[in-house]
Protein chains: 2
Amino acid sequence: MYSYAQKNTNELKKIKKELLESYTSYKMQNLKLDMSRGKPCIEQLDLSNDILKIDISDYKTDLRNYGGLDGIIEIKELFGSILNLSTDEIIVGGNSSLSLMYDTFIRAMYLGVSGGNPWTKNEKVKFLCPSPGYDRHFSICELLGIEMISIDLLENGPDMDRVRELVENDETIKGMWCVPKYSNPTGIIYSDTVIREIANLKPKAENFRLFWDNAYMVHDLEDNSSEILNILDECKKVGNEDMVYIFASTSKVTFAGAGISIIAASKNNVKYIKNQLSIKTIGSDKVNQYRHYKFLNSFENIKLHMKKHAMIIKPKFDKVIEILNMQLKNLGIATWTNPKGGYFISFDSYDGCAKKIIKMALDAGLKMTEAGATFPYKNDPNDKNIRIAPTFPSLDELEKAMDLFCICVKISSIDKLIENN
Amino acid sequence: MYSYAQKNTNELKKIKKELLESYTSYKMQNLKLDMSRGKPCIEQLDLSNDILKIDISDYKTDLRNYGGLDGIIEIKELFGSILNLSTDEIIVGGNSSLSLMYDTFIRAMYLGVSGGNPWTKNEKVKFLCPSPGYDRHFSICELLGIEMISIDLLENGPDMDRVRELVENDETIKGMWCVPKYSNPTGIIYSDTVIREIANLKPKAENFRLFWDNAYMVHDLEDNSSEILNILDECKKVGNEDMVYIFASTSKVTFAGAGISIIAASKNNVKYIKNQLSIKTIGSDKVNQYRHYKFLNSFENIKLHMKKHAMIIKPKFDKVIEILNMQLKNLGIATWTNPKGGYFISFDSYDGCAKKIIKMALDAGLKMTEAGATFPYKNDPNDKNIRIAPTFPSLDELEKAMDLFCICVKISSIDKLIENN
């Protein structure tokens, strides 16, 4: 197979004609495939069904009643053992870590952070957004009118030279989004060096905060887990311990819609947050917390549980990679990641093709994540990044979806090449 | 028994001496009684234990996965049947209606309401607080730096002459807290006339909103339930349908810490809220929602369920009233309510005595709601209102607690009388 770039316009037109026939036949199948979000599949959810039957009546206090603003101690211990944090550095939330992040953002913006003013004391508020990144992170900034500054997300984390230059000279930059392990969507893992550089930042803004979304802390696809440095520890070493909020959840461990979440931070931050939080709620659902504790039980047990997840979804990642290799390798029209964990494969087409590919796929019944979604303001400057979410569809559906996807990629690439010839 | 006011100083001193002996003997018992919050008791929580065992696998979609921003239709139908609302006027939340209120406040303050600016577009934001009222409502305002204006809560609702005068002439007044049925703590019920007057307000502020906390919608202590007018209907009649947010929950129907909550509003408001809400969360816990639906099932069934609650807590209300009558009636030193529902008895001492009573009770091991808590800024202008929460303690504990409480009331009243003589 030769790369498309080596072919002349006539050859390309001929290939396109055949591809269009395949595309049309897909269109006639009235497919309804959805690869738009990082959703666990039914088999994954089934792994945790026992949680629904757990008896909670043996707990030492009445879980059914009011109380327990920061959650039950057992859940704090459990997350503490995974993230190497002490229980007084953790607050347990409800079924959504996204909500915790949103709430934390709101408090920082309008009410203030421990030892610092509300961000809105500055007329302009800016936030660093390593990209490609998680669309829901960026949407929070957009809703709140925060100016997002895109930072290149490299192999080992954000471009730290750029981060330092901005953070240490601009008081209006109030924080940075980070998905340090199996980053959404590129799957990269922040290196020790990068994490230490982040911990060592000397922000101009006294109320600067890292939003450290450890969404995939135990979500390995391979046997040897990729450990990352404990950001809070690294921050403590240099007296920066109030600079970071850590988030995690069981959304992709137990149930995506009915799990539990945590926010972790320095004792100082936790005390400050609890004070504000006590005005909003009397506490999250402790019944579900204790159920989770009894089901998950220990870090060791969680690791075993996550291996069962991997057994279900690793073949799906492999299938996607296999089809991409088979269909697109050597054509010189795209690159893609092969992550060791997390929920996504990140795909880069020719510049200026992503929107068209997503549109073509959608027209043929395959819903993918919106093009541009992985960048601030949904604006991919090169219109090339596409997030592939392989976990939810069955292997059969996935095969069909990826075959169709590759057809769309090829057609769009040919159009681009002909246009440029 | 003669009223204390008819006695001379020497007589009063003699009575006080005896009372102090009783008080001291209570003190020596090292009591630990808590009547500070409106918490259901264990027997009430037990009424809903079946909810914990309900199988949710028969639902038509996968409740365990992401999705369902506004909740499952069955819960919307259920609350709709209680509150006489349509399903597209309801959004289902998590385990805390307080959180829904806080979030709604935050959005109104900083992000804007349907068809109106964020409240903070005005330099000052004011809010009407019928008092005595619910301390957690006032705490939200206080946290957000909103100026609270206390409005007298009369027998049939807020003093509407005052409300109208303020709301219709001051653009910076952005809303009013309302607990329309069995108001916390006075237990009063808004009359039809007052509700119509509220619905007919013509606020100067185009972004004015009622926060209508129907916390005790089905929480009757007597057989004949006290119905209130549907505020949304009344608002619709005069084209004011966007003016109200309604809140309700099952916190005191099923589990105080693990129930479900709703916000209801005009279709227009609901659409606007869902749009903002989609940035914060992918949806609340649907597993718990469906469990609640299967357990509660219908309005008729809920009424039967609430009768069981009443059978448990009515004797506690009766006991409090009985002891107050026995100990304090005809002494001319206090008045109290005898509510037909809700969670509280509101008690008024002599002016200037409430703080002292609460302090004395606490010193002897009885924790009551903080004095002043029922007013904005925790500042009861007359220092006389005390909220009594009879539901949580056992009847025995309640008897002891109220006897001690009455001793504290008597001593404080005598001190006040002597001081004034």
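Above this text is the structure in question.
The rules behind these values
- Residues numbered from 1 in each chain as written.
- Chains lettered and ligands numbered in written order.
- Predicted model: local features only at pLDDT ≥ 70, side-chain atom pairs only at ≥ 80, totals over all residues.
- Heavy atoms only, no water.
- Helix = DSSP H or I, 4+ residues; strand = E, 2+ residues; numbered from the N terminus.
- Rg over C-alpha atoms; globule rule 2.2 N^0.38 Å.
- Buried < 20%, exposed > 50% of the residue type's maximum accessible area, 1.4 Å probe, protein only.
- Contact = heavy atoms within 4.5 Å.
- Areas by Shrake-Rupley, 256 points an atom, 1.4 Å probe, with all protein chains shown as cover.
- Lys, Arg positive; Asp, Glu negative; His and termini not counted.
- Charge placed at Lys NZ, Arg CZ, Asp CG, Glu CD.
- Pairing = 2+ DSSP bridges.
- Salt bridge = Lys/Arg side-chain N within 4 Å of Asp/Glu carboxyl O.
- Phe/Tyr/Trp six-rings, centres within 6.5 Å; stacked < 30°, edge-to-face > 60°.
- Axes fitted to C-alpha atoms, helices over the stretch in contact; angles between N-to-C directions.
- Least-squares fit on C-alpha atoms with pLDDT ≥ 70 in both.
- Buried area = accessible area lost by both parts, 1.4 Å probe.
- Polar contact = N/O pair within 3.5 Å; in protein donor to acceptor, adjacent residues only side chain to side chain.

1. Some thoughts on the overall build of chain A
And step 1. The number of helices and strands found in chain A is 13 helices and 13 strands.
And step 2. Relative to the compact-globule value of 22 Å for 421 residues, chain A shows a C-alpha radius of gyration of 23 Å, a close match.
And step 3. Its C-alpha atoms put chain A at 70 × 55 × 35 Å along the principal axes.
And step 4. Within chain A, buried positions represent 62% of all 421 residues.
And step 5. Within chain A, residue pairs in contact and separated by at least 24 positions form 77% of the contacts whose partners lie at least 6 positions apart.
And step 6. Counting every atom, chain A has about 16500 Å² of accessible surface; 47% of that belongs to carbon and sulfur.
And step 7. With 54 positive and 56 negative side-chain charges, chain A shows a spacing of 3 Å between the two charge centroids.

2. Looking at the pairing of strand E9 (residues 261-264) of chain A
All names here are of chain A.
And step 1. Taking every second residue as pointing to the same face, both faces of E9 are buried, with Ser 261 and Ile 263 on one and Ile 262 and Ala 264 on the other.
And step 2. Here three bridges tie strand E2 (residues 90-92) to E9, and the two strands are oriented antiparallel to one another. Bridge assignment links Ile 91 to a residue of E9, and that residue is Ile 263.

3. Here's the deal with the pattern of salt bridges
All names here are of chain A.
And step 1. Overall, the coordinates contain 56 salt bridges over all chains when judged by the stated rule.
And step 2. Salt-bridge contacts for Glu 89 lead to Lys 236; the nearest nitrogen and oxygen are separated by 2.7 Å. Of this pair, Glu 89 sits in the loop between helix H3 (73-83) and E2 while Lys 236 sits in helix H8 (residues 231-237); the two residues are 147 residues apart in sequence, bridging distant segments of the chain.
And step 3. Using a relative accessible area of 35% as the deciding quantity, one classes Lys 236 as partly exposed.
And step 4. Arg 162 is the salt-bridge partner of Glu 165, the closest N and O atoms lying 4.0 Å from each other. With Glu 165 and Arg 162 both in helix H6 (residues 160-167) and three residues apart, the pair spans about one turn of that helix.
And step 5. Take Arg 162: its relative accessible area is 35%, and that puts it in the partly exposed class.

4. Here we look at the packing of aromatic side chains
Residues and elements named next belong to chain A.
And step 1. By the definition in use, this model includes 35 aromatic pairs over all chains.
And step 2. Consider the rings of Trp 177 and Phe 211, whose centres lie 5.3 Å apart with planes at 70 degrees: the pair is edge-to-face. Separated by 34 residues along the polypeptide, Trp 177 in strand E6 (residues 173-178) and Phe 211 in strand E7 (residues 209-213) bring together distant segments of the chain. Both residues of the pair, Trp 177 and Phe 211, belong to the buried class.
And step 3. Look at Tyr 216 and Tyr 343: their rings are 6.1 Å apart centre to centre, the planes differ by 20 degrees, and that puts the pair in the stacked class. Highlighted residues: Tyr 216 in the loop between E7 and H8 and Tyr 343 in the loop between strand E10 (334-336) and strand E11 (345-349), separated in sequence by 127 residues.
And step 4. Through a chain of ring-to-ring contacts, the aromatic side chains of Phe 105, Trp 119, Phe 127, Trp 177, Phe 211, Tyr 245 and Phe 247 assemble into a single cluster.

5. Description of the sheet that holds strand E13 (residues 385-388) of chain A
Residue and element names in this part refer to chain A.
And step 1. The strand order across the open sheet formed by three strands is E10-E11-E13, and the pairing between neighbours is antiparallel. Taken across any chain shown, the strands that pair with only one partner, and hence form the sheet edges, are E10 and E13. Recorded for the sheet is a direction-independent mean angle of 20 degrees between the axes of neighbouring strands.
And step 2. In this structure, E10 lies alongside E11, joined through three bridges in antiparallel fashion. Paired with Trp 336 across the bridge in E11 is Phe 347.
And step 3. Relative to E13, helix H12 (residues 354-363) is tilted by about 40 degrees, and along the sheet it contacts E11 and E13.

6. Details of the relation of the copies chain A and chain B
And step 1. Superposition of chain A onto chain B requires a rotation of 180 degrees combined with a translation of 0.0 Å along the rotation axis, giving an RMSD of 0.0 Å. The superposition of one copy onto the other is thereby described by a two-fold rotation axis. Looking at the rotation axis and the C-alpha trace of chain A, the residue lying nearest is A:Lys53, at 3.2 Å.
And step 2. In this assembly the copies share their binding face: 100% of the residues contributing to the interface of chain A also contribute to that of chain B.

7. Examining the environment of B:Gly93
Residue and element names in this part refer to chain B.
And step 1. Within the fold, Gly 93 resides in the loop between strand E2 (90-92) and helix H4 (97-111).
And step 2. Overall, Gly 93 belongs to the buried group, its relative accessible area being 6%.
And step 3. Expressed as a C-alpha distance, the spacing of Gly 93 and Gly 259, which sit 166 residues apart in the sequence, is 9.7 Å.

8. Here we look at the sheet that holds strand E13 (residues 385-388) of chain B
Residues and elements named next belong to chain B.
And step 1. Spatial strand order, E10-E11-E13: three strands in an open sheet with antiparallel pairing. A single partner strand is all that each edge strand has here, and the edge strands are strand E10 (334-336) and E13. Each strand of the sheet is rotated relative to its neighbour by a mean of 20 degrees, with strand direction disregarded.

9. Things to note about the interface of chain A and chain B
Many authors give the size of an interface as the accessible area that is lost as the parts come together.
And step 1. Each partner contributes residues to the interface: chain A has 48 residues there, and chain B has 48 residues.
And step 2. Summed over both sides, the interface of chain A with chain B buries roughly 4000 Å², with 57% coming from carbon and sulfur.
And step 3. Along the contact surface separating chain A from chain B lie four salt bridges.
And step 4. In this structure, B:Asp103 engages A:Lys280 in a salt bridge whose closest nitrogen and oxygen atoms are separated by 2.8 Å.
And step 5. Counting every contact that joins chain A to chain B gives 20 residue pairs in polar contact (both at pLDDT 80 or more).
And step 6. Mapped onto the side of chain A that touches chain B, the elements with two or more residues apiece are helix H2 (42-46), helix H4 (97-111), helix H5 (135-143) and helix H10 (286-296) of chain A.

10. Considerations on the environment of B:Ala258
And step 1. Inspection of the secondary structure puts B:Ala258 in the loop between strand E8 (244-249) and strand E9 (261-264).
And step 2. Here the alpha-carbon distance between B:Ala258 and B:Glu322, two residues 64 residues apart in the chain, equals 33 Å.

11. Notes on the side chain of B:Thr250
And step 1. Its place among the elements puts B:Thr250 in the loop between E8 and E9.
And step 2. Classification of B:Thr250 as buried rests on a relative accessible area of 3%.

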